[in-house]
Amino acid sequence: MEGDCDLSKEDSRKVIVVILMGAPGSGKTTFCNDVMSTALRPWVRICQDSIANGKAGTKSQCLKSAAEALKHGKSVFIDRCNLDREQRVEFVKLGGPQVDVHAVVLDLPAKLCISRSVKRTGHEGNLQGGKAAAVVNRMLQKKELPKLSEGYSRITFCQNETDVLDAVNTYRLLGPSDNLSSGCFGQKSTDSKVQVGIMKFLKKVDVPNNVASNGNSLQDSVNRKQNTEKDSSSAESEKINTCIRNTVEKVTEGSNKMEGSFGGGDSWNDIPTLAFPSISTADFQFSHEKASDIIVEQVEEFLNKGENVRLVLVDLTHGSHMLSLVGAKAAKKNIDSRKFFTVVGDITKIYTERGLRCNVIANAANWRLRPGGGGVNAAIFSAAGEALEIATKEQGGTLAPGKSVAIPLPPSSPLYKREGVTHVIHVLGPNMNPQRPNCLRNDYIKGCNVLREAYSSLFKSFASIVREQNTLKESSKNFGPGSSDSHKNLIEQFPNTDQKIKREGCYESERNKKSKALPFEQIVMDDECGHSGDTSAMSQPNENMSMSSVGDVHDGKVQQKNEKIDRDVKKSWGSWAQALYHIAMHPEQHKDNLLEILDDVVVLYDLYPKAKRHLLVLARRNGLDRLADVQKEHLQLLRTMHSVGLKWAEKFLVDDASLIFRLGYHSAPSMRQLHLHVISQDFNSSHLKNKKHWNSFNTAFFRDSVDVIEEIENQGKAILNSDDKLLSMELRCHRCRSAHPNIPRLKAHISNCRVPFPAALLQNGCLVHAPSRPVCEA
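About the criteria used
For every chain, the first residue of its written sequence is number 1, and the numbers climb from 1 along that sequence. Confidence filtering applies because this is a predicted model: local features only for residues at pLDDT of at least 70, side-chain atom pairs given and counted only at 80 or more, and all residues used for totals across whole chains, interfaces and linings. Only hydrogens and water are removed before side-chain values are computed, so all heavy atoms of the structure are retained for them. Think of it in three bands: residues with accessible area under 20% of the maximum for their type are buried, residues over 50% are exposed, and the middle band is partly exposed, with areas taken using a 1.4 Å probe on protein chains only. Starting at the N terminus, helices and strands are each numbered in turn, a helix being any DSSP run of H or I of at least four residues and a strand any DSSP run of E of at least two. For two strands to be treated as a pair, DSSP must find at least two bridges joining them. Two cysteine sulfur atoms make up a disulfide if the distance between them is within 2.5 Å. Handedness of a crossover: with both strands directed away from the viewer, a clockwise path from the first strand across the helix to the second marks it as right-handed. Here, two residues are considered to be in contact whenever any of their heavy atoms come within 4.5 Å of each other. A pair of aromatic rings is counted whenever rings of Phe, Tyr or Trp (Trp by its six-membered ring) have centres within 6.5 Å, and the orientation is called stacked for planes under 30 degrees apart, edge-to-face for over 60 and tilted otherwise. Distance and angle both matter: a charge sits over a ring if NZ of Lys or CZ of Arg is within 6 Å of the ring centre and within 35 degrees of the ring normal.

S.K.: Is there a simple way to think about the pairing of strand 12 (residues 360-364) in this case?
M.R.: Remark: a regular strand shows side chains that alternate across the two faces of the sheet. By the criterion of burial, strand 12 is predominantly enclosed, with four of the five residues buried. Where strand 9 (residues 273-276) lies against strand 12, two bridges are found, and the strand directions are parallel. Each residue of the ladder has a partner; that of Leu274, found in strand 12, is Val360. Sheet topology note: the strand 12/strand 14 (residues 423-427) ladder contains five bridges and is parallel. By the bridge assignment for strand 14, Val360 is matched with His423.

S.K.: What should I look at first to understand the state of the cysteines in this one?
M.R.: Considering all chains together, one arrives at zero disulfides under this definition. Between Cys736, a free cysteine, and Cys733, which holds the nearest cysteine sulfur, the sulfur-to-sulfur gap is 3.8 Å.

S.K.: Please clarify how the pairing of strand 10 (residues 310-315) should be interpreted in this entry.
M.R.: Of all six residues in strand 10, six are buried; the element is thus mostly enclosed. The pairing of strand 9 with strand 10 spans four bridges and is classified as parallel. Within strand 10, the position partnered with Ala275 by the bridge is Val312. Strand direction decides the pairing type here: strand 10 and strand 11 (residues 340-344), joined by five bridges, are parallel. The residue of strand 11 that forms the bridge with Leu311 is Phe340. Between strand 10 and its parallel partner strand 11, the chain crosses via helix 10 (residues 321-332), and the hand of that crossover is right-handed.

S.K.: What is the right way to read the side chain of Asp100 from this model?
M.R.: When you line up the elements, Asp100 lands in strand 5 (residues 99-106). Contact partners of Asp100, with chain neighbours within four places excluded, come to Lys14, Val15, Ile16, Val17, Ser153 and Asn179.

S.K.: How should I be thinking about the packing of aromatic side chains in this particular structure?
M.R.: The geometry of an aromatic ring pair is captured by the separation of the ring centres together with the interplanar angle, meaning the angle of the planes. If you walk through the whole model with that rule in mind, you get 14 aromatic pairs. Here the aromatic rings of Trp43 and Phe77 are separated by 4.2 Å at their centres, their planes lie at 10 degrees, and the arrangement is stacked. One end of the pair, Trp43, is in strand 3 (residues 43-47); the other, Phe77, is in strand 4 (residues 75-79), and 34 residues separate them in sequence. Each member of the pair, Trp43 as well as Phe77, is classed as buried. Ring plane angle 65 degrees and centroid distance 4.9 Å describe the contact between Phe683 and Trp694, whose orientation is recorded as edge-to-face. Residue Phe683 is located in the loop between strand 19 (675-680) and helix 21 (691-698), and its partner Trp694 is located in helix 21; the two are separated by 11 residues in the primary sequence. Pair check on accessibility: Phe683 and Trp694 agree, each one buried. Taken together, the ring pairs connect Phe276, Phe302, Tyr455, Phe459 and Phe462 into an aromatic cluster. Over the ring of Tyr351 we find Arg357; its NZ or CZ atom is 3.9 Å from the centre of that ring. The side chain of Arg672 reaches across the aromatic face of Tyr581, ending 3.7 Å from its centre.

Read these as geometric descriptors, not functional statements.
Here it is, written out as structure tokens:
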């Protein structure tokens, strides 16, 4: 509704009566609280559910209280359902020369209102639980939308949460001498009178005589039938009920999610959003006035770069001084209120409590990057669970004032699963509290510079995450069905991505054709195509890539064919399968998702970990797509990869000595760029779901790093076991080798199995364990 309101100044101040209209659960009370918490003019909320000393009262009591508030120069919210004209006519009469009467219609989807009403507890009018569904449904059938002719100077219609937030911002920024332009704003259909309730909550409801068309052909046919057969029998009415029920359930399927759009057509919850608290103004006692200037300055600078993002300043306190200051200053600078606004609430529950999806949240951290201390820092660490503390520790070190660090949350984090938060950005601002470290002792010249640096660093980290998301989303558009190597898991950072990827051979038919005429060695080589992804977006062959093949082939013609097939494989990497290659070649663009960047390798978590600890060590050498490309000249690189992987395994063992690690390569990876798996042998992960997941790490398909290094050193190439049959073998425990019918049964067994590992793994240092805990006892 941006642009609908025109603030103007007049000599005489007018007060306003805002009559809220909406079904139970539409958010009327929340609307009032959001406006009043940061308002620039005095408001009074009149609610019939609590008008009599906290208990339900009468309409006359509401009218009396409203008139008294207006008399004392206060504007008024009438917080009642007010769904039909008769219920609101007396409140309209409160208007006069110095009193404008506005209507705000919260015409949100019936399904959303019912869901909120049923779930809420402690409601003032005790309208909650199962009985709420019937009440909401009945009220919506009797709804009469307001008209200017009833006596309103302004009517605002809100059909979704985007409209509601716009309306909240309009009224909270309304100064004591400001007036809003008259007229009707936001109504989508002037003929719309009734929103049909959600029939699935009730066995039967009466259908209103006049239901406006919503553009659906089935609904239109129902409308025509109702208009021509008003006196139809009850049996015919039941048939109409069924039609409407089916239609409404389809139309409202996703109505409890936020709607609306910004430039580019992205839906409301698809806009990358950063929720952040005011930095340094609580425990660090930084001046609110100076901090609010810096927030608005940095927000304006960041948004002017044209990023399609949204910033939300969050404070838990109603009536927050900081939110009021920032809101007023942002309005004076004409910052787009849809791209930057303030919200009162818990930063760790913005989505579940307010319906606002924030995929990144900022934490006002301490310099040690540790949980505790109260406030936002304690709340975020608590909400994110142990996963955030572990991930933060792995970043290492401390945080200097003015700096930030982005921590990707694993999918197991409660904050990720409940709120959709993919990253937490720790940021540290300046301290003016002498009881805290690094106190600047009221040196606001230095303090302001540090605070600017803190917000600048925060927004840069957010921008980096957004660019990473956009890169992976672009890649995901061309995903083929044939990838399941672990780093497809990068996609899971983005909750709105609904790609379903399975490890299936996307070139199955072509491989079968070749296998009829080619020797086994060539079938094995060609089999690697079966995991390579989308054939529609192949990378160009690299002339410097190795042409090594599997096994010793003495026949010249066979060798020539193998090389041809190998070249074909080089071109078969789909666009999505290039993700690891891009990370290895350009780690600076992905630093927020990397654990370590070295000259020869980069280290990152597998985002679909198949065990408690599972990470990847990527080679940064161009031309090394997979293990088949490795030759003797790459021996030192392999040793470096093994050494780095070993270092991380030992680091994990310091925290949990019960773990055992195995380092190795997949014989036929699905993604381009040579990478070493470092995986704990507990295999305790919700992402380990099928035979291919298990067998890719527990059959000859998985080549131990120490064996690969020895083979390259002695033979010049590694032995590859890339037959698909290995991935479809029966499920067997990796310790006792007992067979199991399915993954749940296998997991239940291995969680208790204490049989020593097979001799082949116990030899040659294939397993990494804590020195104080022999592997046979683990």
